[in-house]
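Per-entry structural report
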Amino acid sequence: MAENYLDTRGRIFDIQRYSIHDGSGIRTIVFLKGCVLRCKWCCNPESQEYKIQTMLVQGKPKTIGQDITVREVLETVERDRTYYRRSGGGMTLSGGESLCQPDFCEALLRGAKERGLTTAMESMACAEWGVIERILPYLDTYLMDIKHTDPAKHEKFTGRRNELMLENARKVAASGQTELVIRVPVIPTFNCTVPEIESIARFAASLPGVKKMHLLPYHRLGQDKYEGLGRDYEMKEIVPPDNATMENLAAAARRVSGLDVQIGG
Ligand code: SF4
């Protein structure tokens with residue numbers, strides 16, 4: 001970490017203002033570059049590689065990735081302070097997996113907290129516990145992806161088994177330091193069945209303090225980006241789940257867990 005933590009540098013690929021998703025109120029989402037998973041359905045494939053890339057967007061080359069200090073990111077985030085105050089909003093870290101840049105991630109969250117903003121992070125908790133432990137004091141809401149309970153199926157569709165992530169979910173819950181919300185991307189052929197969603201819901205309900213679960217239906221909005229990166233999109237044949245399917249899965253999850261289960265996040 002830099003001598004003054006605000007000078008810590010990291011790599012992002014976007015900052016999105018005025019979001020009403022991914023945390024309470026109106027939020028600014030900071031997208032960090034780099035991820036250890038390779039989910040077949042990923043809608044941000046430009047997030048996966050840490051290296052700066054060129055992606056064709058509507059036929060024109062666009063540089064993806066920018067090195068920036070915490071101070072510079074917070075200057076942008078603070079522009080919407082009035083909206084945060086009125087709505088209970090703040091800053092959310094997304095990606096990629098923010099934990100791949102631990103110093104930057106910690107410094108961003110600390111900087112936001114010290115400025116009186118609420119903080120949230122979207123993450124699948126695929127990191128050593130020591131990394132997660134460092135950021136918890138600065139994190140109000142941990143939006144944690146639990147994609148499947150079966151390690152082999154998890155590995156087949158994301159490239160990694162899930163034992164570490166499940167263990168970290170237990171440790172985050174046991175710490176009681178942050179609000180933990182479990183999020184499930186609902187992906188046909190991967191986990192879009194009642195028994196698979198029920199299994200995740202049971203796991204979520206076993207975590208002390210967890211009250212909410214979000215089911216996020218698969219969509220194809222990232223498909224063009226694969227083409228822009230010269231990559232094949234393996235999910236071409238997959239049809240997004242319809243409303244009735246999502247309602248049925250949500251009802252099943254509520255039934256077995258007693259959690260507040262919502263569709264979307
Ligand atoms: S964890 Fe998220 S960012 Fe990483 S590959 Fe999977 S969907 Fe993409």
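Okay, so let's go over this structure.

Check the secondary structure of the protein and you find 9 helices and 11 strands. On C-alpha atoms alone, the protein measures out to a radius of gyration of 18 Å, which is about the 18 Å that the 2.2 N^0.38 rule sets for 265 residues. Dimensions of the protein along its principal axes, counting C-alpha atoms only, are 50 × 45 × 35 Å. A buried classification covers 43% of the 265 residues belonging to the protein. Contacts in the protein between residues far apart in sequence, at least 24 positions, make up 74% of those at least 6 positions apart.

Counting 66 residues, the largest nonpolar core has Leu108, Ala125 and Met144 as the members making the most contacts within it. When residues of this core are assigned to their parent elements, the largest contribution, 6 residues, is made by helix H3 (residues 102-114). Contact partners of Met144, with chain neighbours within four places excluded, come to Ser123, Met124, Ala125, Ala169, Val172, Leu180, Val181, Ile182 and Arg183.

What follows deals with the site of the ligand. Near the ligand the following residues occur: Cys35, Leu37, Arg38, Cys39, Cys42, Asn44, Ser47, Gln48, Gly95, Gly96, Glu97 and Met124. Per-class residue counts for the shell around the ligand are 5 nonpolar, 5 polar and 2 charged.

When we look at burial in helix H1 (residues 70-78), the residues that qualify are Val70, Val73, Leu74 and Val77. The buried residues of H1 occupy one face: seen down the axis, they fall within an arc of 95°.

Here we take up the sheet that holds strand E1 (residues 9-19). Read across the sheet, 9 strands follow the order E5-E1-E2-E6-E7-E8-E9-E10-E11 without closing on themselves; strand pairing throughout is mixed. A strand with exactly one partner marks an edge of an open sheet, and here the two such strands are strand E5 (66-69) and strand E11 (260-263). On average, each strand axis in the sheet is tilted by 30° relative to the strand beside it, whichever way the strands run. Note that strand E6 (residues 90-94) and strand E7 (residues 118-123) share 4 bridges and pair parallel. By the bridge assignment, Gly90 is partnered in E7 with Thr118. H1 rests against E1, strand E2 (27-32), E5 and E6 of the sheet, and its axis sits at about 85° to E5.

Moving on, we get to helix H6 (residues 163-175). Over its 13 residues, H6 runs 18 Å from end to end, which matches the ideal 18 Å to within 8%, given 1.5 Å per residue. Listing the buried residues of H6 in full gives Met165, Asn168, Ala169, Val172 and Ala173. Projected onto a plane normal to the axis of H6, the buried residues spread over an arc of 135° and lie on a single side. Of the exposed residues in H6, those oriented more than 90 degrees away from the buried face are Glu163, Glu167 and Ala174. Residues of H6 that are buried in the fold lie against helix H4 (129-135), strand E8 (141-145) and strand E9 (179-186).

Residues Gly95 and Gly96 are joined by a peptide bond in cis, for which omega reads 10°. In this structure, Gly96 sits in the loop between E6 and H3. Positive phi outside glycine occurs at Tyr18, with the angle close to 60°. You will see that Ala125, though not glycine, has its phi angle at about 60°, which is positive.

Attention now moves to the pairing of E6. Of all 5 residues in E6, 5 are buried, a share of seventy percent or more. Where E2 and E6 come together, 5 bridges link them in parallel fashion. Note that in E6 the partner of Val30 across the bridge is Leu93. Where the polypeptide runs from E6 across H3 and back to E7, its parallel neighbour, the crossover connection is right-handed.

Let us look at the packing of helix H7 (residues 194-205) against helix H9 (residues 243-257). Two numbers describe how H7 lies on H9: the axes approach to 8 Å, and their chain directions differ by 40°. Between H7 and H9, the interaxial angle falls into the category oblique. Where H7 crosses over H9, the handedness of that crossing is right-handed. Here Val194, Ile197, Glu198, Ala201, Arg202, Ala204 and Ala205 of H7 come into contact with H9, specifically with Leu249, Ala252, Ala253, Val256 and Ser257. Partitioning the contact of H7 with H9 into residue classes produces 9 nonpolar, 1 polar and 2 charged.

Rules and cut-offs
- Residues numbered from 1 in each chain as written.
- Predicted model: local features only at pLDDT ≥ 70, side-chain atom pairs only at ≥ 80, totals over all residues.
- Helix = DSSP H or I, 4+ residues; strand = E, 2+ residues; numbered from the N terminus.
- Rg over C-alpha atoms; globule rule 2.2 N^0.38 Å.
- Buried ≥ 20, exposed ≤ 12 C-beta atoms within 10 Å, placed from the backbone.
- Contact = placed C-beta atoms within 7 Å.
- Core = buried A, V, L, I, M, F, W, Y, C linked by C-beta atoms within 7 Å.
- Near = placed C-beta within 6 Å.
- Nonpolar A, V, L, I, M, F, W, Y, C, P; charged D, E, K, R; others polar.
- Arc of directions from axis to C-beta.
- Pairing = 2+ DSSP bridges.
- Axes fitted to C-alpha atoms, helices over the stretch in contact; angles between N-to-C directions.
- Expected span 1.5 Å × (residues − 1).
- Right-handed = clockwise from strand over helix to strand, strands pointing away.
- Parallel < 35°, antiparallel > 145°, perpendicular 65-115°, else oblique.
- Left-handed = near helix turned anticlockwise from the far one by under 90°.

Just geometry here; none of it tells us what the structure is for.
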